[in-house]
Amino acid sequence: MSKRTLVVYYSYSGNTKSVAEQVQKLTNSDLFEIEVKEAYPTGYNDVVKQAKLEKQNDVYPELKDNGNVENYDVIYLGTPVWWYTMATPVKTFLKENNFEGKIIIPFCTHGGGGESSTYTDISKYAPDAKVLQGFTSYENSAKETEIQQWVENNRKDL
């Protein structure tokens, strides 16, 4: 039986979207973009400030659509790293969906701090899922061959 796969991502600047689109192409998965109801500020410093406040106050921004994962077995989950963890819209997505028995394969993009606690935090917010090895890239520097190798490495655990 083949597993149904979905690539889910949140992207503020386009870096995570770029990786998500490559993963979707390599895996022939469905694609879903997490979108917030209230757009983030367009200025970089303003969004950094808002992201920090959201993390400090444990905010779950409202999403346009929660992206029902019910019909999928494997979810590639992409996020930018905001304040050493996943972006808060991704946290909302995890909270609003049931991941029991699902496999999550995370990936993230960052501006210099690496993945930090992103992958361990994903495991905390989706405790009933199996979380596989993540892929981390600096901004938009991921090469397709690196992404392809990561996808292949995770296939053995599906």
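Look up a bit, the structure's there.
Thresholds applied
Residues numbered from 1 in each chain as written. Predicted model: local features only at pLDDT ≥ 70, side-chain atom pairs only at ≥ 80, totals over all residues. Heavy atoms only, no water. Helix = DSSP H or I, 4+ residues; strand = E, 2+ residues; numbered from the N terminus. Rg over C-alpha atoms; globule rule 2.2 N^0.38 Å. Contact = heavy atoms within 4.5 Å. Areas by Shrake-Rupley, 256 points an atom, 1.4 Å probe, with all protein chains shown as cover. Phe/Tyr/Trp six-rings, centres within 6.5 Å; stacked < 30°, edge-to-face > 60°. Buried < 20%, exposed > 50% of the residue type's maximum accessible area, 1.4 Å probe, protein only. Lys NZ or Arg CZ within 6 Å of the ring centre and 35° of its normal.

1. Regarding the overall build of the protein
Secondary structure summary: the protein contains five helices and seven strands in total. The order of helices and strands in the protein, counted from the N terminus, is β-α-β-α-β-β-α-β-α-β-β-α. Relative to the compact-globule value of 15 Å for 158 residues, the protein shows a C-alpha radius of gyration of 15 Å, a close match. By sequence separation, contacts in the protein at least 24 residues apart represent 79% of the contacts at least 6 residues apart. Counting only carbon and sulfur atoms, one obtains 43% of the accessible surface of the protein, whose full area is about 8,300 Å².

2. Description of the packing of aromatic side chains
Under the counting rule described, the total for this entry stands at ten aromatic pairs. Ring centres of Tyr-76 and Trp-150 lie 5.8 Å apart, and the angle between their planes is 75°; on these two criteria the pair is classed as edge-to-face. Taken together, the positions of Tyr-76 in strand S3 (residues 74-82) and Trp-150 in helix H5 (residues 144-155) put the pair 74 residues apart, joining distant regions of the chain. For the pair Tyr-76 and Trp-150, a shared accessibility class is recorded, and that class is buried. For the pair Phe-107 and Trp-150, a centre-to-centre distance of 6.0 Å together with 70° between the ring planes defines the contact as edge-to-face. Taken together, the residues span a long stretch of sequence, with Phe-107 in strand S5 (residues 103-110) and Trp-150 in helix H5 at a distance of 43 residues. Of the two residues examined, Phe-107 and Trp-150, each falls in the buried class. By the ring-pair criterion, three or more aromatic residues cluster together here, those being Tyr-10, Tyr-12, Tyr-40 and Trp-82. Positioned above the aromatic ring of Tyr-60 is the side chain of Lys-91, whose terminal nitrogen or guanidinium carbon lies 4.4 Å from the ring centre. Above the face of the Tyr-60 ring, Lys-95 is positioned so that its terminal group lies 4.1 Å from the ring centre.

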